[in-house]
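# Structural features, examined
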Amino acid sequence: MEDVAARAGVSRALVSLVMRGSPKVSDQRREAVLAAAEELGYRPHAAARSLAQRRSNTVGVVVNDLHNTFFADVADGVHEHASAHGFRLLLNAVWRRDEDEEEAIESLLEHRADAIVLLGPRVDEAVLVEAAASVPIAVVGRHLDLEDIDVVINDDVCGAELAVEHLVGLGHRDIVHVDGGRGAGARFRREGFERRMVGHGLEPRVLAADYDEASGVNAVAQLIEHDALPTAIFCANDLSAVGALDRLEGHGLTLPDDISLVGYDNTSIAGLRHVSLTTIHQPRREMGARAMQMVLERIQGSRSEAARDVIEPELIERSTSGPVPTKRVPS
């Protein structure tokens, strides 16, 4: 900054005002400073500036599974809202491992992020509470009830009940749920499935799995191996449902004539013509934008208490669900 000031013939303080975008500088002097900075190849030192201002204008984002387009869409919502308010994102993608999430949070704190938004975290609650003592924390997708953590969630119990009601309304009585393991919201989707099935006097069959394609593939393979295919399958998320769809079609079954399938999330892949998956909708980008707004309110000091937004789900009916089949002859 000293060099820029000397080249432009102004004070170092005026260079600082220009670099901060202050309106107190005349256009003529601003242009002189910017021209000198360009000639010298000068860029403001972000770390030093954040120390001086006690703010970095960055928000850390930890994505539990970047392979899952649900989280990618939520991150888009966070980014759009952050950019509109002059914040940049520091993105950390992990692979569904608690220790990786903990390291990512620590890294963002070391880089002086003004806040952290976590998408579908699985890390221990104590880690989140400790981080929240330093910066505002918002979590998307995981049901938490912690004093200093903002939360944006879908009503997963209700979403699972919508799936069951849809299938039962089509005449299905033998429905299997492919579980989401420790995935965000999976426990509540399982509870909603079981509760509604029992409410209809039906046996709730649940297969242990996770939020990935392999889980859907393996679940269907297991059902076929034990000659236990139901008339309908409800998967805990769209990725698992896509895996199930692939294995069902590979076995020679046609959807929905031979079997019905419902997913969860309404990700972009669900709407593809050759997939056309019946699923439960979550407003992914809106959830990301809301989480960013939550931490922004904390950064600006307009709110101190934790906030909790519960988004109502919606059933999106497509081509993979239909009336219970009268006969089915797998190849």
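Above this text sits the structure in question.
Residues numbered from 1 in each chain as written. Predicted model: local features only at pLDDT ≥ 70, side-chain atom pairs only at ≥ 80, totals over all residues. Heavy atoms only, no water.

## So, helix 9 (residues 186-199)
Note the cut-off: Comment: elements are numbered from the N terminus, with helices defined as DSSP H or I runs of at least four residues and strands as E runs of at least two. By this rule, a helix spans an expected 1.5 Å times one less than how many residues it contains. Note on exposure labels: buried denotes an accessible area under 20% of the residue type's maximum, exposed denotes more than 50%, and partly exposed covers the range between, all computed with a 1.4 Å probe on protein chains only. The directions from the helix axis to the C-beta atoms are what the arc is built from. Any two residues whose heavy atoms approach within 4.5 Å are treated as being in contact.
For helix 9, built from 14 residues, the straight-helix expectation of 20 Å at 1.5 Å per residue is met to within 8% by its first-to-last C-alpha distance of 20 Å. When we look at burial in helix 9, the residues that qualify are Ala186, Phe188, Arg189, Gly192, Phe193 and Met197. Down the axis, helix 9 shows its buried residues gathered within 165° of arc, on one side only. The exposed set on the far side of helix 9, more than 90 degrees from its buried face, consists of Arg195, Val198 and Gly199. Against helix 8 (156-169), strand 6 (175-178), strand 7 (205-207) and strand 8 (232-235) lie the buried residues of helix 9.

## Quick look at the packing of helix 2 (residues 12-19) against helix 3 (residues 27-40)
Using the following cut-off: Every axis corresponds to a line fitted to the C-alpha atoms, with the helix fit spanning only the stretch in contact, and the corresponding angles, defined between N-to-C directions, vary from 0 to 180 degrees. Geometric relationships in this document are graded by angle, where less than 35 degrees denotes roughly parallel, more than 145 denotes roughly antiparallel, 65 to 115 denotes roughly perpendicular, and other angles denote oblique. Put simply, Ala, Val, Leu, Ile, Met, Phe, Trp, Tyr, Cys and Pro go in the nonpolar bin, Asp, Glu, Lys and Arg in the charged bin, and everything else, Gly too, in the polar bin.
Where helix 2 contacts helix 3, the two axes come as close as 10 Å, and the packing angle between them is 90°. Our classification of the angle between helix 2 and helix 3 gives roughly perpendicular. Where helix 2 approaches helix 3, its residues Leu14, Val15, Val18 and Met19 are matched on the opposing element by Arg29, Arg30, Val33, Leu34 and Ala37. Here the residues of the contact of helix 2 with helix 3 are counted per class, giving seven nonpolar, no polar and two charged.

## Focus on helix 10 (residues 213-225)
Between its terminal C-alpha atoms helix 10 stretches 18 Å, which fits the 18 Å expected from 13 residues at 1.5 Å a residue. Among the residues making up helix 10, those that are buried are Ser215, Gly216, Ala219, Val220, Leu223 and Ile224. Projected down its long axis, helix 10 shows its buried positions confined to an angular sector of 165°, all on one face. Contacts from the buried residues of helix 10 go to strand 6, strand 7, strand 8 and helix 11 (238-250). Looking one or two places after helix 10, you find Asp227, whose phi comes out positive at around 50°.

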